[in-house]
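Per-entry structural report
This is what each chain is made of:
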Amino acid sequence: MKLLLAILLCPVPVMAQSDTSHIAICERPGTEGAWDASFFTSQGVPRWLEIDAVMTSNERESIARKACEGVELPVARERIAWVGPAGTILGETLPDAVTLQGDLERNPPTVSEVIWHGVDEDASAPDEWPRRPLAHLERVTFGGEERVSLGSETRFECRPGEATAGLLLRDERPWPSSRPQRLEVTASGAGRFEIAVSDRQGLAREAPVSLGTFEAGKLPQRFSFTLPSHATGLESGWVGVSLVCPPGRAHLELHDIVLSPEASTPRPRSAWVWSPQVWQDAAEDLWALVDRQRLDELFISVPVTLEGDVAERERLTQFITQATTRGVAVWPVIGDPRDVLSSSLPALINRLEAYRSYNASADEHARLAGVQLDIEPYLLPGFATAMAHWRERYIETIQTAHKVLDGQLALDLVMPVWWGDHADWGEALLDPLAMANLSITVMNYRTDPGQLYRGAVPFLEWGRDHGIPIRMALETGTLPDENRHTFKQADKGERAALWLVDDLETPLLVWLNSPERDLPGQPFTLIRREAFPASRLTFGGDQARLNEVADQLSEAWSVWPTFEGIALHGLDEHNLGVE
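Residues numbered from 1 in each chain as written. Predicted model: local features only at pLDDT ≥ 70, side-chain atom pairs only at ≥ 80, totals over all residues. Heavy atoms only, no water.

A closer look at the side chain of Thr538
Tracing the sequence through the fold places Thr538 in the loop between strand E27 (522-532) and helix H10 (543-557). Looking at Thr538, its side chain comes within polar contact range of the main-chain oxygen of Glu475, at 3.4 Å. Residues within four places of Thr538 in sequence aside, it is in contact with Thr447, Glu475, Thr476, Gly477 and Leu479. (Helix = DSSP H or I, 4+ residues; strand = E, 2+ residues; numbered from the N terminus. Polar contact = N/O pair within 3.5 Å; in protein donor to acceptor, adjacent residues only side chain to side chain. Contact = heavy atoms within 4.5 Å.)

Next up, the structure:
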């Protein structure tokens, strides 16, 4: 599974020298042998990008026949390093900066991702492990006699008095609480404080549930309390923590407040095995991997014939039977970025019907657990210019697949982590997919625990609210190192290497080998070069580190009732010799 948003695809070759070059966006491809690259517009319409030196009259006639629009640049063709769609620019104003990511040091460079952001934002900055997942809580003092005063966001003081008073930390959404967990508070100060929790009804009645008391001292200490279980859902669950003052003078400084699950046994995992030859010819090696990695689900490639039949049916039946005796569920995984195109739908339906037909006639112990769809439309060239279009096409494709399976097979969807909170995706994508017999596997391909945790939360919250199982996937396969070049918006008249040409149907970024001034469009000057090592995305076969992070995050994520465990991508590469 590829990870990065493919914006444009092909490097630009060097052509004959000229002081002028012409960039054209055409409705039809160029002549055979000419350089062009296809992409999709914001309406999902295919277009072809062509780059030439200054055109002859015959070439201009050819451009007209292909229904092109274009722009001439006063720079030699060989000075253009890369050209591609600028992608989706969110907001009414142009962001201060843009980062290009890819193999940027090669000649010519390749760009895999375009990232628009503020000039002060570092597109590469890692997160810290989220030790304060409740730090966003609203702070409200309560009680009579004006006993409580806030010294800062984390400190409050209590005056002597008889009236019940203290500090309430209130959340907008209920916490996941269907599984045993603890509320851990790290604090310093002076005085014995009571700690209590409330749901929405408890807040309205001013009737919190006491968890106990703790004595604050000069040095920070961690106090741990068992959190009572509570029903979950949109309108239920704990939403507030009360810290109640003692009768005398006291003060409290909050250093940390966090939910953590009670200790539990390690959760099973799932994994992809991409080569059919593994389960067909090397099943014993696969079962050894299953035992070492505590796998209880496998996602495998199961070929389907053009006639709509599962290939190697007898061998598949034998393999699934062996898996069933080991307590391992088997899912076929299929999907291609172009499956969101209407022209690709018949082939997708053919595969889905083949799996449904197989299960209908298979013995119970030889049945597939479901079908996993790994459709990644962001790998389509120009995807970033047409996010709303591709989101709707994706939703329609999934709804069709769900209808074809007709409840006879479960459906699992593989999604990239950035869909969870993206303005064009997020709930606009997820809400229409809240269907029965459906689950989601999130390609949370990072290695920093803080980034992994935060990326998972939008999906886990949504899964909890809609009763949809959510699985988190980690990457341990081999990925290439890349680079990032960040450019900031420059003033007109400045020399710049990157230019936004936005007076075309599809705005383009033009990256030159050296800075130039007075080109049509908005200039951006280079402000930072940095490496983007693959180790930020993949554990790269480091099994010890992978296990450490996976076990740590499994515990943290298990407080969400619909968390289904961790899937591992790339295990087959390092353990079964699969490339």
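Quick notes on unusual backbone geometry
Residue Pro108 is reached from Asn107 by a cis peptide bond, and omega for that bond is 0°. Here the phi dihedral of Asn437 falls at roughly 60°; this positive angle occurs in a residue that is not glycine. Here Asn437 is to be found in the loop between helix H8 (426-430) and strand E22 (438-443). Assessed through its relative accessible area of 39%, Asn437 is described here as partly exposed. (Buried < 20%, exposed > 50% of the residue type's maximum accessible area, 1.4 Å probe, protein only.)

Points about the sheet that holds strand E18 (residues 295-300)
Backbone hydrogen bonds hold the strands of a sheet together, and the pairing may be parallel or antiparallel. Around the barrel, 8 strands lie side by side as E17-E18-E19-E20-E21-E22-E23-E28; this closed barrel has parallel pairing. On average, each strand axis in the sheet is tilted by 25° relative to the strand beside it, whichever way the strands run. For E22 and strand E23 (residues 470-475), the ladder comprises 4 bridges, and the chain directions are parallel. In the sheet register, Thr441 faces E23, and the bridge partner there is Arg471. Across the sheet, helix H4 (residues 283-293) is in contact with strand E17 (269-273), E18 and strand E28 (563-569); its angle to E18 comes to roughly 135°. (Pairing = 2+ DSSP bridges. Axes fitted to C-alpha atoms, helices over the stretch in contact; angles between N-to-C directions.)

Examining the environment of Asp551
Among the secondary structure elements, Asp551 is positioned in helix H10. You can call Asp551 partly exposed: its relative accessible area is 33%. Through-space distance from the C-alpha of Asp551 to that of Arg267 is 7.9 Å; in sequence the pair is 284 residues apart. Polar side-chain contacts of Asp551 include one of 3.1 Å to the side chain of Arg269.

A few points about the packing of helix H9 (residues 449-466) against H10
Viewed as axis vectors pointing N to C, H9 and H10 meet at an angle of 40°, and their least axial separation amounts to 11 Å. The hand of the H9/H10 crossing is right-handed. Taken together, the residues of H10 that come into contact with H9 (itself represented by Pro449, Leu452, Tyr453, Ala456 and Leu460) are Arg545, Val549, Gln552, Leu553, Ala556 and Trp557. Of the residues that constitute the contact of H9 with H10, the class distribution is 9 nonpolar, 1 polar and 1 charged. (Left-handed = near helix turned anticlockwise from the far one by under 90°. Nonpolar A, V, L, I, M, F, W, Y, C, P; charged D, E, K, R; others polar.)

What to know about the sheet that holds strand E7 (residues 110-117)
As summarised here, the arrangement of the 7 strands in space is E5-E26-E25-E27-E24-E6-E7, forming an open sheet in which the pairing is antiparallel. Since the sheet does not close on itself, it has two edges, and those belong to strand E5 (80-85) and E7, each with one partner. Sheet twist, expressed as the average angle between the axes of neighbouring strands with direction ignored, equals 30°.

Here's the deal with H10
If you check H10, its first and last C-alpha atoms are 20 Å apart, about what 15 residues at 1.5 Å a residue would give, namely 21 Å. Those residues of H10 lying buried are Leu546, Val549, Ala550, Leu553, Ser554, Ala556 and Trp557. Considered in projection along H10, the buried side chains sweep an arc of 160° and stay on one side of the axis. Summarising the contacts, the buried residues of H10 are in contact with strand E16 (250-261), E17, H9, E23 and E28. (Expected span 1.5 Å × (residues − 1). Arc of directions from axis to C-beta.)

Side note on the packing of aromatic side chains
Tallied over the full model, the rule gives 22 aromatic pairs. Counting every residue linked through ring pairs, the aromatic cluster contains Tyr378, Phe383, Tyr394, Trp418, Trp419 and Trp425. (Phe/Tyr/Trp six-rings, centres within 6.5 Å; stacked < 30°, edge-to-face > 60°.)

Shape descriptors only; they carry no functional weight alone.
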